[in-house]
Amino acid sequence: QECLELIPANTALAATNQELIKAIAREWVLHTALEPIRNQYDYILIDCAPSLGIDLLNALVAADEVLIVTNPARFSERGTHQLLRTIKMVQKLLNKELTIAGSLFNRVDRRTRLARDIMALMRENWGTELHLFDTEIPNSIRIDESQAMGVPLIMYQPESKPAKAYQEFVREYLQGEER
């Protein structure tokens, strides 16, 4: 029997960074909170905002594996570079077991030369160091609409290109796990 449990974020999460900064062993708060339930789930997914704050450090310390989701944009390319440095620091100092599953390109508009060029640059720069998934999630207004409605894309527009691409990514990810 398949089961999915969600704990959505709310506005109170924004205050978490301020509280974590004051906490003792602040990088370990999420790890400690998840430890009692860890074995009850096959997967625990932690979605982080695109920042390098204490909440990201908590997620990396608590995680077994990290998936880097990036847009094909110049600032995202730079942010991914900084994120890789942060992950390496966490692996060295806080979580030696942390692995990188790879990187997924999200909100891709292949019609633009800039997107194609940045993806090519990222593949060239990180192709040997970082697994880049073949699946790309195409950009679509359907993603924004589903977020505005508060409904998962797979329920809002299951036949949309991005919904199908997310399903394909899950298959690709799970196939890689089997190897």
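Residues numbered from 1 in each chain as written. Predicted model: local features only at pLDDT ≥ 70, side-chain atom pairs only at ≥ 80, totals over all residues. Heavy atoms only, no water.

J.: Which parts of the structure should I look at to understand the sheet that holds strand E1 (residues 65-70)?
T.: Pairing between sheet strands relies on hydrogen bonds along the backbone, with the strands arranged either parallel or antiparallel. Read from one edge to the other, the open sheet built from 3 strands follows the order E1-E2-E3, with strand pairing classed as parallel. The outermost strands of the open sheet, each flanked by one partner alone, are E1 and strand E3 (132-138). The mean inter-strand angle of the sheet, taken between neighbouring strand axes irrespective of direction, is 25°. Here 6 bridges tie E1 to strand E2 (residues 99-108), and the two strands are oriented parallel to one another. Bridged to Ile68 within E2 is Ser103. (Pairing = 2+ DSSP bridges. Helix = DSSP H or I, 4+ residues; strand = E, 2+ residues; numbered from the N terminus. Axes fitted to C-alpha atoms, helices over the stretch in contact; angles between N-to-C directions.)

J.: Explain the packing of aromatic side chains here, please?
T.: A complete count under the given rule lists 3 aromatic pairs for this structure. Judged by centre distance (5.0 Å) and plane angle (85°), the rings of Phe133 and Phe169 are edge-to-face. Taken together, the residues Phe133 in strand E3 and Phe169 in helix H8 (residues 161-178) connect sequence positions 36 residues apart. With a centroid separation of 6.4 Å and 45° between ring planes, the pair formed by Phe133 and Tyr173 is classed as tilted. With Phe133 in strand E3 and Tyr173 in helix H8, the pair connects residues that are 40 residues apart, well separated along the chain. The same class applies to Phe133 and to Tyr173, which are both buried. (Phe/Tyr/Trp six-rings, centres within 6.5 Å; stacked < 30°, edge-to-face > 60°. Buried < 20%, exposed > 50% of the residue type's maximum accessible area, 1.4 Å probe, protein only.)

J.: Help me understand helix H3 (residues 54-62) in this model?
T.: Because the α-helix completes a turn every 3.6 residues, residues three or four places apart line up on one side. Of all the 9 residues making up H3, 8 are buried; the element is thus mostly covered by neighbouring parts of the structure. Considered for burial, the residues of H3 that qualify are Ile54, Leu56, Leu57, Asn58, Ala59, Leu60, Val61 and Ala62. As for H3, its buried residues are in contact with helix H1 (16-22), helix H2 (29-34), E1 and helix H4 (74-93). (Contact = heavy atoms within 4.5 Å.)

J.: Would you mind going over the environment of Asn95 with me for this structure?
T.: One can find Asn95 in the loop between H4 and E2. When the C-alpha atoms of Asn95 and Leu174 are compared, they prove to be 23 Å apart, with 79 residues separating the residues in sequence. There is a polar contact of 3.1 Å between the side chain of Asn95 and the backbone oxygen of Val61. (Polar contact = N/O pair within 3.5 Å; in protein donor to acceptor, adjacent residues only side chain to side chain.)

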